[in-house]
Amino acid sequence: MSEKAILIVGDKKLEMPIIVGSEGEKGIDISQLRAQTGMVTYDPSFGNTASCSSAITFIDGDQGILRYRGIPIEQFVEKPNFVEVAWLLIFGRLPKREELQSFSDQLTENELLHEGLNHQYQQIPVDAPPMAILSASLNNLACYHQQFLAVEDIESLGAVAARLISKVRTMAAFSYRRSRGLPFIYPDPHLRYGANFLHMMFSLPYRQYVVTREMEDALNLFLILHADHEQNCSTSTVRTVGSARANLFASCAAGVSALWGPLHGGANVEVMEMLQRIHDGGISPDECIRMAKDKESKFKLFGFGHRVYKNYDPRAKILRSCCDKVFATLKRPDPLLDTARKLEELALEDKYFQDRKLYPNVDFYSGILLRAMGIPTNMFTVMFSIGRLPGWIAQWKEQHEDPTTKIVRPRQIYTGPTKCDYVPMEQR
Ligand code: SDX
């Protein structure tokens, strides 16, 4: 006998089914509420609302657990392979050797951009925001791959996923090269995913950039840790746009726009600017903590706090130790890492942060790692987008394959003027 919730509204007593997830999470199914009561629920930022059921990513915010298709993210640390994790998220299981090789070959075959798209980069202002370029470029891809505007089967989904995941690197690197007035470095089909990106970013026509294994592993791990995170703001945006049967290019471009926000993926840029300000003496760590607690200051300790994690974000833990490993290899410490650790120490022992369960999130250490790779601060959120793309594609695919999917259309509680008449200009 399945559990039910009882709702008493006026003289009505309603029974609503309680659905239970595979990890024991429970939800009250209110899908018949309006039909039975004429009422809607009110939950403005959906903090108490499940927008869907999903089998892709599991988060336990209280325990600080994150699993991709059931696999704890800690198990990807040893031999990080972003392409393998992308396949896992999209197709629902770990790929066999030949499947992984075939997907990797598809990425190689699709790493170039249409020359028409390349030429568009020449018209973009050199100081254009990289996230604006990325969102526009993803939408532009639809112009050059119109055969994928409607994805009818898993083969074509795989083909468009390969195009997006491969080309997003080329787009990001070309926008960086444009911003620096450097010639474009085309992808090298002999390089693995991450190494190829760093090659396109930092090689010169007369000198190939040498990618160390440590840096390549650090980049793979960074991308894996950003690959999916259940129904976060940008993924919910991708699902909302996709629910209208908009194509995958448009849905992912919308995801980039949502991720750009400083409260979401843009936080990694804010964290770096905050750490740099502290390092340059503009502000002390103690002053940072004081301002973060002062409501009047509007200052936030970026990289801290999370809607779901009320414990240490497991991704932040892995990124912090990855930073230690990379700097030990580079044999040049980054003073900003010391500043970040000092800030974390002060915050974690402060009652304000303890009472609100505010811990470092994925953005707190990620920028320090990207800086060690030579990635400029204004591209940090682009890097987040490259990581999150397979997650967006997986969530979009799951929604498209669900026969119960309907267009996303929330209701509202109207608080505006009651019925009134138009007033002609001469009477106003
Ligand atoms: C990401 O959802 C995801 O999964 C996102 C993400 C993903 O992988 O997709 O994990 C990626 O977006 C990580 C979050 C990056 N953002 C930041 O680091 C920005 C700083 N963090 C805050 O803006 C905030 O913590 C949020 C937006 C992340 C979460 O906000 P919530 O859940 O809406 O919490 P809240 O704003 O209601 O805060 C509760 C209390 C408030 O104080 P009181 O009103 O109770 O006195 O905590 C305070 C807030 O003022 N608070 C902070 C704080 N974060 C929350 N105070 C100081 N500094 C902070 N960073």
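Up top is the structure.
What counts, and where the lines are drawn
Residues numbered from 1 in each chain as written. Predicted model: local features only at pLDDT ≥ 70, side-chain atom pairs only at ≥ 80, totals over all residues. Heavy atoms only, no water. Helix = DSSP H or I, 4+ residues; strand = E, 2+ residues; numbered from the N terminus. Buried < 20%, exposed > 50% of the residue type's maximum accessible area, 1.4 Å probe, protein only. Contact = heavy atoms within 4.5 Å. Areas by Shrake-Rupley, 256 points an atom, 1.4 Å probe, with all protein chains shown as cover. Lys, Arg positive; Asp, Glu negative; His and termini not counted. Charge placed at Lys NZ, Arg CZ, Asp CG, Glu CD. Near = heavy atom within 4 Å. Polar contact = N/O pair within 3.5 Å; in protein donor to acceptor, adjacent residues only side chain to side chain. Nonpolar A, V, L, I, M, F, W, Y, C, P; charged D, E, K, R; others polar. Expected span 1.5 Å × (residues − 1). Pairing = 2+ DSSP bridges. Axes fitted to C-alpha atoms, helices over the stretch in contact; angles between N-to-C directions. Disulfide = S-S within 2.5 Å.

(A) Seen up close, the overall build of the protein chain. What the protein chain contains, in helices and strands, is 17 helices and six strands. For the protein chain, the C-alpha atoms occupy an extent of roughly 80 × 70 × 55 Å along the three principal directions. Here the protein chain, with 428 residues, has 49% of them falling under the buried criterion. Looking at the protein chain alone, contacts between residues at least 24 apart form 71% of all its contacts between residues at least 6 apart. Carbon and sulfur atoms make up 53% of the accessible area of the protein chain, which totals about 21800 Å². Here the protein chain carries 49 positive and 50 negative side-chain charges, and the mean point of each set is 2 Å from the other.

(B) Layout of the site of the ligand. Taken together, 23 residues are adjacent to the ligand, and H229, G303, H306, R315 and R388 come closest. Taking L263, its main chain carries an N or O atom lying 2.9 Å from a nitrogen atom of the ligand. Note that a nitrogen atom of the ligand is positioned 2.9 Å from one of the backbone N or O atoms of L301. Residues belonging to the shell around the ligand are distributed by class as follows: nine nonpolar, seven polar and seven charged.

(C) Expanded view of helix 10 (residues 248-259). Taking 1.5 Å as the rise per residue, helix 10 with 12 residues should run 16 Å; its terminal C-alpha atoms sit 16 Å apart, in good agreement. Among the 12 residues of helix 10, 11 are classified as buried, and the element is accordingly described as predominantly covered. The complete set of buried residues in helix 10 reads L248, F249, A250, S251, C252, A253, A254, G255, V256, A258 and L259. Looking at the buried side of helix 10, the elements it contacts are helix 5 (130-144), helix 6 (154-180), helix 9 (233-243) and helix 17 (380-401). Near the N-terminus of helix 10, the side chain that reaches the backbone nitrogen of F249, with its oxygen 2.9 Å away, is that of N247.

(D) Local environment of the sheet that holds strand 1 (residues 4-9). With antiparallel pairing, three strands are arranged side by side in an open sheet as 1-2-3. Sheet topology places strand 1 and strand 3 (26-28) at the edges, where each strand pairs with a single neighbour. For this sheet the average axis-to-axis angle between neighbouring strands, irrespective of direction, equals 30 degrees. Pairing analysis gives six bridges linking strand 1 to strand 2 (residues 12-20), with the strands arranged antiparallel. Looking across to strand 2, one finds that L7 is bridged to L14.

(E) Just the pairing of strand 5 (residues 65-68), in detail. Taking every second residue as pointing to the same face, the buried face of strand 5 carries L66 and Y68, while none of I65 and R67 on the other face is buried. Two elements, strand 4 (residues 57-60) and strand 5, share four bridges in a ladder whose sense is antiparallel. Bridged to T57 within strand 5 is Y68. Taken together, strand 4 and the strand that follows it, strand 5, pair antiparallel across an intervening segment of four residues, in which G64 is found at a positive phi of about 70 degrees. Pairing of strand 5 with strand 6 (residues 71-72) involves two bridges; the strand directions are antiparallel. When the bridges of strand 6 are listed, Y68 appears paired with I71. In sequence, strand 5 turns back onto strand 6 through a hairpin of two residues, with R69 there showing a positive phi of about 50 degrees.

(F) Broad picture of the state of the cysteines. Applying the stated criterion across every chain, the model contains zero disulfides. The cysteine C288 is free of any disulfide, with C323 supplying the nearest cysteine sulfur at 18 Å. A relative accessible area of 0% means that C288 is categorised as buried. C322 supplies the cysteine sulfur nearest to C323, a cysteine that is in no disulfide, at a spacing of 6.4 Å. When its relative accessible area of 0% is taken as the criterion, C323 is described as buried.

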